[in-house]
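Structural characterization, general
Chain by chain, the residues:
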Amino acid sequence: MIQNFSDSHLGSFTLQTKVEKPTLFDYSKEIILNVLEQNNGNQTKTAEQLGISRTTLWRYLKED
């Protein structure tokens with residue numbers, strides 16, 4: 001079941017990564033990392049909550 005994330009789930013979101021011009025990828029990866037942390041590193045649960053496949057999650061995590 002996919003959860004809908006409201007502002008209350010993300011709080012006031014600011015990009016933690018220091019980049020000059022953040023891209024959509026930068027913001028997406030930051031959100032993924034935050035949800036992964038909330039799920040104590042559980043990639044399956046994180047992918048399910050975000051409505052993405054584990055493969056997509058893995059691709060985000062391996063990109064620098």
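Conventions adopted
- Residues numbered from 1 in each chain as written.
- Predicted model: local features only at pLDDT ≥ 70, side-chain atom pairs only at ≥ 80, totals over all residues.
- Heavy atoms only, no water.
- Axes fitted to C-alpha atoms, helices over the stretch in contact; angles between N-to-C directions.
- Helix = DSSP H or I, 4+ residues; strand = E, 2+ residues; numbered from the N terminus.
- Parallel < 35°, antiparallel > 145°, perpendicular 65-115°, else oblique.
- Left-handed = near helix turned anticlockwise from the far one by under 90°.
- Contact = heavy atoms within 4.5 Å.
- Nonpolar A, V, L, I, M, F, W, Y, C, P; charged D, E, K, R; others polar.
- Buried < 20%, exposed > 50% of the residue type's maximum accessible area, 1.4 Å probe, protein only.
- Phe/Tyr/Trp six-rings, centres within 6.5 Å; stacked < 30°, edge-to-face > 60°.
- Expected span 1.5 Å × (residues − 1).

Orientation of helix 2 (residues 24-38) relative to helix 3 (residues 43-50), taken along the N-to-C sense of each, is 125 degrees, at an axis distance of 9 Å. With respect to helix 3, the element helix 2 is oriented oblique. For the pair helix 2 and helix 3, the crossing hand works out as right-handed. Of the residues in helix 3, those in contact with I31, I32, V35 and L36 of helix 2 are Q43, T46, Q49 and L50. When the residues that make up the contact of helix 2 with helix 3 are grouped by side-chain class, the tally is five nonpolar, three polar and no charged.

Turning to the environment of W58, a few remarks are in order. In this fold, W58 is placed in helix 4 (residues 54-62). Taking relative accessible area as the criterion, W58 reaches 47% and is therefore assigned partly exposed. In the structure, W58 is positioned 15 residues away from Q43 in sequence and 8.3 Å away in space, judged by C-alpha atoms.

What follows is about the packing of aromatic side chains. By the definition in use, this model includes one aromatic pair. The interplanar angle of 10 degrees and the centroid separation of 5.1 Å between the aromatic rings of F25 and Y60 together place this pair among those described as stacked. Of the two residues, F25 is situated in helix 2 and Y60 in helix 4; the sequence distance between them amounts to 35 residues. For F25, a relative accessible area of 30% corresponds to the partly exposed category.

This part covers helix 2. Taking 1.5 Å as the rise per residue, helix 2 with 15 residues should run 21 Å; its terminal C-alpha atoms sit 21 Å apart, in good agreement. Along helix 2, the residues classified as buried are D26, S28, K29, E30, I32, V35 and L36. Looking at the buried residues of helix 2, the elements they touch are helix 3 and helix 4. The positive-phi residue at the C-terminal boundary of helix 2 is N40, with phi of around 50 degrees.

A word on unusual backbone geometry. Where the residue is not glycine, phi is negative for most of them; where a peptide bond is considered, it is trans in most cases. Positive phi, normally seen in glycine, also occurs at N40, with a value near 50 degrees. In this structure, N40 sits in the loop between helix 2 and helix 3. Judged by its relative accessible area of 75%, N40 falls in the exposed class.

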